[in-house]
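Each chain is listed here by its residues.
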Amino acid sequence: MTTFAAKTLVSQEYKALPPEVLKAKIARKKSEWGKKLVILMHHYQRKEIVPFGDHLGDSFGLSQKAAAEVEARHIVFCGVHFMAESADILARPEQHVYLPNPYAGCPMADMAQIEDVFFAWDEISRLVPADEITPVSYMNSAAVLKAFCGKNGGIVCTSSNVTKAFNWALSQRPKIFFFPDENLGLNAARMLKYDPADIIVWDFKKERGGNTPEQIKKARLILWKGYCHVHTNFRPEHIEEMRTRHPGVKIVVHPECIPEVVEKADAFGSTNFIVNYVKEQPPGSVIAIGTELNLVSRLADEHPDKKILDLSGQTCPICVNMFRTTLADLAFTLDCLGEVNEIIVEEDIKKDALLALNRMLEFLK
Ligand code: 13P
Ligand code: SF4
């Protein structure tokens, strides 16, 4: 269980303030706190928030920053709930972690509820000894799931190191149980040249996940049936259309997209990978990106010498949860540090989740 300290409110009074006033408030608090305050910023955050980040990055980079942070007393995570939870797990006992908008969750992370995972583990263990399976959890998961992995010899991974995680897991035990993103798992499996016959999908709503006992016994990779509703917007037809309309276009996508999209793209990788990919293309390039729209439009602003396009062209792939955090939320949280929007992971969960996160930081660099 994760709890929020005291108040988990977004101040109505702050919402009414003009952006310039809010920006001045944030800047004032940053200068008052100096190195005692660190703001971690995910790439999908709103444009007006991004300049206030001390570190801007993907889930892996930001967790490395959270783990290495020694001076800060307060760590404010502009991202979604699982990111702030992970920062709290990695933080020192005297540090406090905050999520400026307490309603910013990740629907994909919510698709793997711990009770359903326990139930699945139990069903699988009746057919395959549990010590033959390494559980691997995507960073986009609740702390309690990371704790489950830690406790059972497993590991956490992000989109930037999922293939390394699978290799590590296989060096421990012959089978992998990966959750909650089926597409990321399929894309990693393709990279690692898995035989599709060795992969099964676990639909927790069905008995034995919708598989026969033989399929479960034979499987080398069991993938939880979860997905990101933002990235599954992108379709192979978008790529075909883009290539017809813009011959020579470069297409880069996030690996939460379906495999049929990832296969047709020129490159794929984490949000950091996408940012660097765009930087590396020569002036005049046309680049279509299959990821969250806030990042795509910020990259378009930052690279006026390149034509940056949203791959879908029409589906408006916005992560509403990433979009929730406003200047008002950040200003309010900074003005009330220690009183609002603190993320506290319970100690027993923290202990096991830390095992899995530390394995990632140690083995998947
Ligand atoms: P990254 O780790 O690539 O930043 O991705 C996080 C995420 O939530 C993508 O939807
Ligand atoms: Fe979750 Fe998808 Fe939003 Fe990433 S983009 S935080 S996976 S809902």
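The structure under discussion appears in the preceding block.
Residues numbered from 1 in each chain as written. Chains lettered and ligands numbered in written order. Predicted model: local features only at pLDDT ≥ 70, side-chain atom pairs only at ≥ 80, totals over all residues. Heavy atoms only, no water.

Student: It is not clear to me how the site of ligand 2 should be interpreted in this structure. Could you clarify?
Tutor: For ligand 2, the full set of nearby residues is Tyr 44, Cys 106, Pro 107, Met 108, Asn 140, Cys 228, His 229, Val 230, Glu 256, Cys 319 and Met 322. Class assignment for the residues of the shell around ligand 2 results in eight nonpolar, two polar and one charged. (Near = heavy atom within 4 Å. Nonpolar A, V, L, I, M, F, W, Y, C, P; charged D, E, K, R; others polar.)

Student: Looking at this structure, I do not really get the site of ligand 1. What am I missing?
Tutor: The full set of residues close to ligand 1 is His 42, Tyr 44, Asp 58, Ser 59, Asn 140, Ser 159, His 231, His 254, Glu 256, Ser 270 and Thr 271. At 2.6 Å, a side-chain N or O of His 42 approaches an oxygen atom of ligand 1. Contact distances for ligand 1 include 3.1 Å between an oxygen atom and a side-chain N or O atom of Asn 140. (Polar contact = N/O pair within 3.5 Å; in protein donor to acceptor, adjacent residues only side chain to side chain.)

Student: What should I look at first to understand the pattern of salt bridges in this one?
Tutor: Pairing between side chains of opposite charge can happen when the charged atoms of each approach one another. For the structure on display, the rule yields 19 salt bridges. Across the pair Lys 350 and Asp 88 runs a salt bridge, and its minimum N-O distance is 3.4 Å. In this pair, Lys 350 is assigned in helix 17 (residues 347-363) and Asp 88 in helix 4 (residues 81-90), connecting sequence segments 262 residues apart. The exposure classification of Lys 350 matches that of Asp 88, with both residues buried. (Salt bridge = Lys/Arg side-chain N within 4 Å of Asp/Glu carboxyl O. Helix = DSSP H or I, 4+ residues; strand = E, 2+ residues; numbered from the N terminus. Buried < 20%, exposed > 50% of the residue type's maximum accessible area, 1.4 Å probe, protein only.)

Student: Any chance you could explain helix 7 (residues 143-151) here in plain terms?
Tutor: Side chains that are three or four residues apart share a direction in an α-helix, a result of its 3.6 residues per turn. Burial within helix 7 is extensive, with seven of its nine residues counted as buried. Burial in helix 7 covers these residues: Ala 143, Leu 145, Lys 146, Ala 147, Phe 148, Cys 149 and Gly 150. Directly after helix 7, the chain includes Gly 153, whose backbone phi takes a positive value near 75°.

Student: What should I look at first to understand the nonpolar core in this one?
Tutor: Within soluble globular proteins, side chains that are nonpolar tend to cluster in buried spots. Residues Val 136, Phe 177, Phe 178, Phe 179, Ile 289 and Met 360 are the most contacted members of the largest nonpolar core, which totals 89 residues. Non-local contacts of Phe 178, meaning those with residues more than four positions away in its chain, are made with Val 136, Ser 137, Tyr 138, Cys 157, Val 162, Phe 166, Leu 184, Gly 185, Ile 222, Leu 223 and Trp 224. Judged by nonpolar contacts, the second largest core, of 21 residues, contains Cys 78, Ala 328, Phe 332 and Val 340. (Core = buried A, V, L, I, M, F, W, Y, C linked by side-chain atoms within 4.5 Å. Contact = heavy atoms within 4.5 Å.)

Student: Can you help me understand the pairing of strand 10 (residues 221-224) in this one?
Tutor: Within a regular strand, the side chains alternate between the two sheet faces. What you see with strand 10 is no split at all: Leu 221 and Leu 223 on one side and Ile 222 and Trp 224 on the other are buried throughout. Strand direction decides the pairing type here: strand 8 (residues 175-179) and strand 10, joined by three bridges, are parallel. Counted as the bridge partner of Ile 176 is Leu 221 from strand 10. Pairing between strand 9 (residues 199-202) and strand 10: four bridges, direction parallel. Looking across to strand 10, one finds that Trp 202 is bridged to Trp 224. Crossover strand 9 to strand 10 through helix 10 (residues 213-218) is right-handed. (Pairing = 2+ DSSP bridges. Right-handed = clockwise from strand over helix to strand, strands pointing away.)

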